[in-house]
Amino acid sequence: MHTMTAPTAPTAPTAPTAPTAADPARSRSRDAQGDFLLQPPDPAARVPSRIDPVDLRRLDLLALLTAAGIAPSVGDRAAIAQLSELPGSVHTALHRWLEQAYGFCR
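Calculation notes
- Residues numbered from 1 in each chain as written.
- Predicted model: local features only at pLDDT ≥ 70, side-chain atom pairs only at ≥ 80, totals over all residues.
- Heavy atoms only, no water.
- Axes fitted to C-alpha atoms, helices over the stretch in contact; angles between N-to-C directions.
- Helix = DSSP H or I, 4+ residues; strand = E, 2+ residues; numbered from the N terminus.
- Parallel < 35°, antiparallel > 145°, perpendicular 65-115°, else oblique.
- Left-handed = near helix turned anticlockwise from the far one by under 90°.
- Contact = heavy atoms within 4.5 Å.
- Patch = residues over 30% accessible without salt bridge, like charges linked within 9 Å, V, L, I, M, F, W, Y side chains within 5 Å.
- Areas by Shrake-Rupley, 256 points an atom, 1.4 Å probe, with all protein chains shown as cover.
- Salt bridge = Lys/Arg side-chain N within 4 Å of Asp/Glu carboxyl O.
- Buried < 20%, exposed > 50% of the residue type's maximum accessible area, 1.4 Å probe, protein only.
- Nonpolar A, V, L, I, M, F, W, Y, C, P; charged D, E, K, R; others polar.
- pLDDT = per-residue confidence, 0-100.

Caption draft 1: Molecular detail of the packing of helix α1 (residues 53–67) against helix α2 (residues 76–84). Running from N to C, α1 and α2 cross one another at 125°; their axes reach a closest spacing of 8 Å. In terms of axis orientation, α1 runs oblique to α2. Both α1 and α2 take part in a crossing whose hand is right-handed. Contact with α1, carried on its side by V54, R57, R58, L61, L62 and L65, involves I80, L83 and S84 of α2 and no other residues of that element.

So this is what it looks like as structure tokens:
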């Protein structure tokens, strides 16, 4: 024989909480089923990476032009690439000129 049971109200999920200063020893095992805060990265475990200074200057120049509201056109890529190959002192002067001309500081 089949009996009917009354439906039960759904239970609201509990929000996971991170350990606090008041309870630093709280276990994270209960949080493993939901969201939890990640531990900060260990700087010693980072993969060493060296970016060529020319690439850094190129990206920096593109960012500066964008911040100044100057959208480089397709033909400007070659000029930006050549400017990026110039020494750092030239790049610094170029930044200073653009910042003074467009009235913003980084």
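Caption draft 2: Up close: a nonpolar patch on the surface. Judged by side-chain polarity, L83, L86 and V90 come together as a nonpolar surface patch covering roughly 200 Å² of accessible area. Here L86 lies in the loop between α2 and α3 (88–102). Residue L86 is classed as partly exposed on the basis of its relative accessible area, which comes to 32%.

Caption draft 3: Here's a closer look at the packing of α1 against α3. At their nearest, the axes of α1 and α3 sit 11 Å apart, and the two run at 5° to each other. Judged on the interaxial angle alone, α3 and α1 are roughly parallel. Every residue of α3 that contacts α1 at R57, D60, L61, L64 and L65 is listed here: G88, H91, L94, H95, L98 and E99. Of the residues assigned to the contact of α1 with α3, the class counts are five nonpolar, three polar and three charged.

Caption draft 4: Spotlight on the confidence of the model for the protein. The pLDDT averaged across the protein works out to 76; a share of 66% of its residues lies at or above 70. Within the protein, no element has a lower average pLDDT than α3, which sits at 87, and none a higher one than α2, at 91.

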